[in-house]
Every structure is written in C-alpha cells, then in structure tokens.
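Close look at the chain arrangement
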Amino acid sequence: MFKKRKDIIIILAFVMIAAIFILNTDFKSVDEYYLEHAQDVENADATVFISIKCETILENIEDLDISLIPLVPKDGIILPQTEYALRDGDSVFDILVRTAKTHKIQMEYSGGASSSAYIEGIAHFYEFSCGELSGWTYLVNGEHPSVSSASYELSDGDVIEW
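Residues numbered from 1 in each chain as written. Predicted model: local features only at pLDDT ≥ 70, side-chain atom pairs only at ≥ 80, totals over all residues. Heavy atoms only, no water.

Here four strands make up an open sheet; going across it, the order is 2-1-7-6 and the pairing mixed. A single partner strand is all that each edge strand has here, and the edge strands are strand 2 (77-85) and strand 6 (139-140). In this structure, strand 1 (residues 47-53) lies alongside strand 7 (residues 159-161), joined through three bridges in parallel fashion. Counted as the bridge partner of Ile50 is Ile160 from strand 7. Those strands touched by helix 4 (residues 92-103) are strand 1, strand 2, strand 6 and strand 7, and its axis lies near 115 degrees from that of strand 2. (Pairing = 2+ DSSP bridges. Helix = DSSP H or I, 4+ residues; strand = E, 2+ residues; numbered from the N terminus. Contact = heavy atoms within 4.5 Å. Axes fitted to C-alpha atoms, helices over the stretch in contact; angles between N-to-C directions.)

We now examine a nonpolar patch on the surface. On the surface, Leu58, Ile61, Ile66 and Ile69 cluster together to form a nonpolar patch covering roughly 350 Å² of accessible area. Mapped onto the fold, Ile66 is located in the loop between helix 3 (55-59) and strand 2. (Patch = residues over 30% accessible without salt bridge, like charges linked within 9 Å, V, L, I, M, F, W, Y side chains within 5 Å. Areas by Shrake-Rupley, 256 points an atom, 1.4 Å probe, with all protein chains shown as cover. Salt bridge = Lys/Arg side-chain N within 4 Å of Asp/Glu carboxyl O.)

The next point concerns the nonpolar core. Core analysis: the largest hydrophobic core is formed by 33 residues, its most contacted members being Ile122, Phe125 and Trp162. Secondary-structure elements contributing two or more residues to this core are strand 1, strand 2, helix 4 and strand 4 (118-122). Looking at this core element by element, the count peaks at six residues for helix 4. Not counting residues up to four positions away in its chain, the partners in contact with Trp162 are Ile50, Ser51, Ile52, Lys53, Val92, Leu96, Ile119, Ile122, Trp136, Thr137, Tyr138 and Ser149. (Core = buried A, V, L, I, M, F, W, Y, C linked by side-chain atoms within 4.5 Å. Buried < 20%, exposed > 50% of the residue type's maximum accessible area, 1.4 Å probe, protein only.)

It is worth spelling out the sheet that holds strand 3 (residues 107-110) at this point. Taken in spatial order, the three strands make up an open sheet running 3-4-5, and their pairing is antiparallel. Edge positions in the open sheet fall to strand 3 and strand 5 (125-126), since each of these has one partner strand only. Judged from the four bridges that link them, strand 3 and strand 4 form a sheet pairing that is antiparallel. Paired with Glu108 across the strands is Gly121, a residue of strand 4. Helix-sheet contacts for helix 4 involve strand 3 and strand 4, and the interaxial angle to strand 3 is about 150 degrees.

Written out as structure tokens, the structure reads:
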C-alpha cells in the first residue's frame, strides 16, 4: 500500500513539473520565430528605409480589375517608410522579401536573390493589373537603378521606394 502512494506522489510531481514547463514555455511556429528575429543582426549599425506604394493605381483606377478595388489603400500607401537593419551584402530584393514576411504583405516573384529577380506582384497587385504599362519598379535614393533589385547592393542610409 505504501508503494502505491509513493508511486502516485512521484507521478503527480512529474505531472506538475511538466505542466509548469509547458505553461512557461513560449512555443512558436517556424514562421513566428523567424519573423520575430528578422531584424536580429550583429553590429546593426547600418540601416536602410523602405516604402511600398501604389499611388499610380489611384490615378488609373478605371483600368483596375473591379475585384481589386477594395484592396487599394485610400492613400495609395501599402507600407509607409520603415527602417530595416542592413546586413552585409543585402540587396533591394533581400530587404523587400524581409519586409513582406515581417509585415505579412503578399508578394510573388520569379528568379531569386542570386539572379534577376522579377517582382510579379505585391499586395495582390500584378503587372498589367492596372493597364498595359503597369507593374512594379523601384527607386533607390530617388533614382531608378538599371539593374535587377537582386543585383543592387545597398549602403547605409539608402531609401528604397517600390
């Protein structure tokens, strides 16, 4: 009889320890973990700024697919200027991908970081969504670079506009 009581006490103690461990552990999905640590950078002295806008859609709203009209921000700003830590070798494309993941902004592209990345769509707006000449382009410090966003390596203080 004593042995049963001792076994029950051991089991209850184990269950209590397990419950305390589970209740005090912050479980996260892989996506949640990486989003939380997207800005973790050693020696994050360098930063860049990025904004994503679709203001030209407002000027051409009559050309937009009617199903997309509810997705258009009233001011045309999908993401206001936001600061990001700059890692060694970061390109415009790298910052855009990090931004889209962090802010859960829908984005599709072809190619990739080591090739000529082509931005097909951001926030459900795609090439030709608003007429023949519509599509995504980027500026760095107010100028249109002549290279792919994956090829443009950023410097401290650069300002990216999509």
